[in-house]
Amino acid sequence: MACPQQQTKQGFELQIGTNHIGHFALTRLLLPFMEPDGRVVTVASIAHGMGEVDASDLDFVRRKYTKWGAYGQSKGANILFAKGLADELLKANSEIVSVSLHPGVIATPLWRHGNFLATWLISKVYCDKDEAQGASTQLYACLAPAEALPAGAYLMDCALAMPNAACADETGKARKALWEETERRIAAAGLALPNTLLGGAGSSPQ
């Protein structure tokens, strides 16, 4: 979180590569093996509002890199991915649920790249959950009745919440652009994804 500008070995900006592209690839590889009533729960963050998801410049080649802007972009991408996956599952007539969530502001080593004084102040003033409490919304997303979880929902404090307008993505254009660009980037990195979302005929890796 909010680390100095770095790249993964595939050349992705480190935070988008770690927090979004890697999770996207893993999910696509696991989906053919999921139970019909399975769930994909993506841990996003309220920090999505600190950045803008630009599918044409995920690596900050054109934009000026800021560590919190990059983190915010990666967390916004988590929300858009959950919504995009929900769209794809609906098209595939699947009952698998895809949601994202904000777990809370939790005092963990995730803050290690921050200024020491600022991190200390945040831990005292803004951290609203311990680790156990921080797991509660994830557990809710996994265990709540399916009818309580609209497709692509964003959750906070074990309840439905609304992300910012860009990540609410009412038109669906942002998540579609991100989905297509992410698949393109994964293919360019040499990882073969299944040809279909859920397996079956033609589902062998590309």
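See the structure printed just above.
Residues numbered from 1 in each chain as written. Predicted model: local features only at pLDDT ≥ 70, side-chain atom pairs only at ≥ 80, totals over all residues. Heavy atoms only, no water.

Some remarks on helix H1 (residues 14-30)
So, point 1. The terminal C-alpha atoms of H1, which comprises 17 residues, lie 23 Å apart, in line with the 24 Å expected from a rise of 1.5 Å per residue.
So, point 2. For H1, the principal kink sits at Ile21 and spans about 30°.
So, point 3. All of the buried residues in H1 are Gln15, Ile16, Gly17, Asn19, His20, Ile21, Phe24, Ala25, Thr27 and Arg28.
So, point 4. Buried residues in H1 make contact with strand E1 (39-43), helix H2 (67-91) and helix H7 (173-188).
So, point 5. Regarding H1, its N-cap is Glu13, as a side-chain oxygen of that residue lies 2.9 Å from the backbone nitrogen of Gln15 further along. (Helix = DSSP H or I, 4+ residues; strand = E, 2+ residues; numbered from the N terminus. Expected span 1.5 Å × (residues − 1). Bend = angle between axes of the 7 residues up to and from the residue. Buried < 20%, exposed > 50% of the residue type's maximum accessible area, 1.4 Å probe, protein only. Contact = heavy atoms within 4.5 Å. Polar contact = N/O pair within 3.5 Å; in protein donor to acceptor, adjacent residues only side chain to side chain.)

Some remarks on the sheet that holds strand E2 (residues 97-102)
So, point 1. A sheet is described by the order of its strands in space; here four strands give the open sequence E1-E2-E3-E4, paired in mixed fashion. Each of the sheet's edge strands pairs with one partner strand only, and the pair in question is E1 and strand E4 (159-161). Recorded for the sheet is a direction-independent mean angle of 40° between the axes of neighbouring strands.
So, point 2. Packed onto the sheet, helix H5 (residues 136-143) meets E1, E2, strand E3 (154-156) and E4 and runs at close to 160° relative to E1. (Pairing = 2+ DSSP bridges. Axes fitted to C-alpha atoms, helices over the stretch in contact; angles between N-to-C directions.)

A short note on the nonpolar core
Nonpolar side chains in soluble globular proteins generally cluster together in the buried interior.
So, point 1. Formed by 19 residues in total, the largest nonpolar core has its most connected members in Phe24, Leu31, Leu85, Leu89, Trp179, Ile186 and Leu197.
So, point 2. Counting only elements with at least two residues in this core, the list comes to H1, H2 and H7.
So, point 3. Here this core takes five residues from H2, the largest share from any one element.
So, point 4. Those residues in contact with Leu197, other than ones at most four positions away along the chain, are Arg28, Leu31, Pro32, Leu85, Glu88, Leu89, Ala92 and Trp179.
So, point 5. Counting residues in each nonpolar core, the second largest holds eight residues, with Val99, Leu149, Ala153 and Leu155 among its members. (Core = buried A, V, L, I, M, F, W, Y, C linked by side-chain atoms within 4.5 Å.)

What about the packing of aromatic side chains?
So, point 1. Going through the model one piece at a time under the given rule, you end up with five aromatic pairs.
So, point 2. Arranged with centres 5.3 Å apart and planes meeting at 50°, the rings of Phe24 and Phe81 form a pair that is tilted. Taken together, the residues span a long stretch of sequence, with Phe24 in helix H1 and Phe81 in helix H2 at a distance of 57 residues. Summarising the burial analysis for this pair, Phe24 and Phe81 share the class buried.
So, point 3. Where Phe81 meets Trp179, the ring centres are 6.0 Å apart and the plane angle is 20°; that geometry is what we call stacked. One end of the pair, Phe81, is in helix H2; the other, Trp179, is in helix H7, and 98 residues separate them in sequence. The same class applies to Phe81 and to Trp179, which are both buried.
So, point 4. A connected cluster of aromatic rings, assembled from ring pairs, spans Phe24, Phe81 and Trp179.
So, point 5. The ring centre of Phe60 lies 4.1 Å from the NZ or CZ of Arg63, which sits over that ring. (Phe/Tyr/Trp six-rings, centres within 6.5 Å; stacked < 30°, edge-to-face > 60°. Lys NZ or Arg CZ within 6 Å of the ring centre and 35° of its normal.)

Description of H2
So, point 1. With 25 residues, H2 should reach 36 Å at 1.5 Å per residue; the first-to-last C-alpha distance of 36 Å fits that figure.
So, point 2. Burial analysis of H2 places 19 of its 25 residues in the buried class, the great majority of the element.
So, point 3. Two residues or fewer past H2, Asn93 is found with a positive phi of approximately 55°.

Considering the side chain of Thr8
So, point 1. Inspection of the secondary structure assignment puts Thr8 in the segment before H1.
So, point 2. For Thr8, a relative accessible area of 16% gives the class buried.
So, point 3. A distance of 3.0 Å separates the side chain of Thr8 from the side chain of Gln10, its partner in a polar contact.
So, point 4. Apart from the residues lying within four places of it in its own chain, the contact partners of Thr8 are Glu13, Leu14 and Gly17.

Re the packing of H2 against H7
The description of two packed helices rests on the angle between their axes and on the distance between the axes.
So, point 1. The geometry of H2 relative to H7 is characterised by a closest axis approach of 9 Å and an angle of 90° between their N-to-C directions. What the angle tells us is that H2 and H7 run roughly perpendicular. From H2, Ala77, Leu80, Phe81, Lys83, Gly84, Leu85, Asp87 and Glu88 reach across to H7, where they touch Ala174, Arg175, Leu178 and Trp179.
So, point 2. A per-class count over the contact of H2 with H7 returns seven nonpolar, one polar and four charged. (Parallel < 35°, antiparallel > 145°, perpendicular 65-115°, else oblique. Nonpolar A, V, L, I, M, F, W, Y, C, P; charged D, E, K, R; others polar.)

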